[in-house]
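# Secondary and tertiary structure notes
Here's the letter readout for the chains.
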Amino acid sequence: MFDLRSDTITQPTDSMRAAMAKAEVGDDVFSEDPTVNRLQELAAEKAGKEAALFVPSGTMGNLVAILSHTHSARCGEVICEESSHVRLNEAGGMAALGGLMCCPVKGLRGALDPEDVRAAIRVPDIHHPSTALICVENTHNFAGGAVVPLENMAAIRALANEHHLPVHLDGARVFNAAAALNKPVAEITKHADSVNFCLSKGLCAPVGSVLAGSRGFIERARHYRKLLGGGMRQAGVLAAAGIIALTEMTERLFEDNENAHALAVGLAGMKGIGIDPRFVQTNIVIFDVSKTGMSADEFAGKLKGFGVLASVTGPFSVRFVTQRHISFGDLPLILKAVREMLASA
């Protein structure tokens, strides 16, 4: 069974398991876990930020960031791309726990047009919520793993500075973006005040994400992590795997990106499947199946019978995600399974 549902299904490497078994630990709520501290220092260095905070999940990391940036702006508004993860896939946390509204702006393959963002920024008015934060997502999940161009991020940063607004980067797969651009991840994260990235997707750690920013921001973030129940104790057992993720796993992500592009090329040649391989930049492949005569649910359900697991992202939209457990040699077998399923259907 080839599991292409997500890169969240990755298993920890042997070196991660060995590091976890012998990890030096302490109480992280007291900032006394040496392995967590090493992970946070390493993550801050990679992201080009002053400090970092280990959190249990990417959703918590984004919510902690949003609450930390808007701590004095309850009932404010957060500008984000209309199909962004913070808007669609984080259970409305910013509204439920931050009293914040989401202001969705339609992007182009995940990238926000600075002029559309400018138009969305509220001028002071007693009738309106105040704009409190701009969120950017890179890579952008529902835009098919698209890399937001650095010039676009720089323009959003300049606009935010003009209006004295912070920028948070949901960088769940930012290391995939760095691999696609062939640049250090800090070249991306420098355009945001804070960044949250996952250790548990393509980087293969079993648990966790890291939030990075200024020292003052991270001090506030520690408070909100505790409020959300994310204050872990001997978390060094988990952080040990995160250190391996950042030191051994980032350089291999170009393989996942290349495999995804190869899958897209193969799919593009199949009758009824709609995809343009030119737009597959990282490890996510989203394709349209409307002309196959099947819904996305039907397509994925039938494909499972041929040994391939896929996820559904819309009524006629199916997603493949490549990761460490899918090799280049697996690709012909996966494409063969899709062709056989289409022929049988």
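In this structure, Phe54, Ile134, Phe197, Leu199 and Leu246 are the most contacted members of the largest nonpolar core, which totals 57 residues. Ranked by residues supplied to this core, first place goes to helix H11 (residues 236-249) with 8 residues. With near-sequence residues (within four places) excluded, phenylalanine 197 lies in contact with Ala43, Ala47, Gly171, Ala172, Val174, Phe175, Ser209, Val210 and Leu246.

With antiparallel pairing, 3 strands are arranged side by side in an open sheet as S9-S12-S11. Of all strands in the sheet, those with a lone pairing partner are strand S9 (284-288) and strand S11 (311-314), marking the two edges. Sheet twist, expressed as the mean angle between neighbouring strand axes with direction ignored, is 35°.

Turning next to the packing of aromatic side chains. Enumeration according to the criterion identifies 3 aromatic pairs in this entry. Both rings, one in phenylalanine 175 and one in phenylalanine 197, keep their centres 5.2 Å apart while their planes meet at 80°; by these two values the pair is edge-to-face. One end of the pair, phenylalanine 175, is in helix H8 (residues 174-181); the other, phenylalanine 197, is in strand S7 (residues 194-198), with 22 residues separating them in the sequence. Phenylalanine 197 shares its class with phenylalanine 175; the two are buried. With centroids separated by 5.1 Å and ring planes inclined at 70°, the aromatic side chains of phenylalanine 287 and phenylalanine 320 adopt a geometry described as edge-to-face. With a gap of 33 residues between them, phenylalanine 287 in strand S9 and phenylalanine 320 in strand S12 (residues 317-321) connect regions that are remote in the sequence.

Moving on, we get to the pattern of salt bridges. In this structure the tally under the stated criterion is 14 salt bridges. Its salt-bridge partner being arginine 118, residue glutamate 162 comes within 2.9 Å of it at the nearest N-O pair. In this pair, glutamate 162 is assigned in helix H7 (residues 150-162) and arginine 118 in helix H6 (residues 114-120), connecting sequence segments 44 residues apart. A relative accessible area of 47% places glutamate 162 in the partly exposed class. A relative accessible area of 32% places arginine 118 in the partly exposed class.

Attention now moves to the environment of serine 311. With respect to the secondary-structure elements, serine 311 resides in strand S11. A relative accessible area of 16% means that serine 311 is categorised as buried. Along the chain, serine 311 and lysine 336 lie 25 residues apart, while their C-alpha atoms are 18 Å from each other. Once you skip the residues sitting within four places of it in the chain, serine 311 turns out to touch Arg5, Ser317, Val318 and Arg319.

This part is about the sheet that holds strand S2 (residues 51-55). On the basis of which strands lie adjacent, the open sheet formed by 7 strands has the order S2-S8-S7-S6-S5-S3-S4 and mixed pairing. Each edge of the open sheet carries a strand with a single partner, namely S2 and strand S4 (101-105). Mean inter-strand twist for the sheet, computed between neighbouring axes without regard to direction, equals 20°. Pairing geometry for strand S3 (residues 77-81) and S4, over 5 bridges, is parallel. Looking across to S4, one finds that valine 78 is bridged to cysteine 102. Its contacts with the sheet put helix H3 (residues 58-69) on S2, S3, strand S5 (131-137), strand S6 (167-170), S7 and strand S8 (209-213), and the angle it makes with S7 is roughly 170°.

Conventions and cut-offs
Residues numbered from 1 in each chain as written. Predicted model: local features only at pLDDT ≥ 70, side-chain atom pairs only at ≥ 80, totals over all residues. Heavy atoms only, no water. Core = buried A, V, L, I, M, F, W, Y, C linked by side-chain atoms within 4.5 Å. Buried < 20%, exposed > 50% of the residue type's maximum accessible area, 1.4 Å probe, protein only. Helix = DSSP H or I, 4+ residues; strand = E, 2+ residues; numbered from the N terminus. Contact = heavy atoms within 4.5 Å. Pairing = 2+ DSSP bridges. Axes fitted to C-alpha atoms, helices over the stretch in contact; angles between N-to-C directions. Phe/Tyr/Trp six-rings, centres within 6.5 Å; stacked < 30°, edge-to-face > 60°. Salt bridge = Lys/Arg side-chain N within 4 Å of Asp/Glu carboxyl O.

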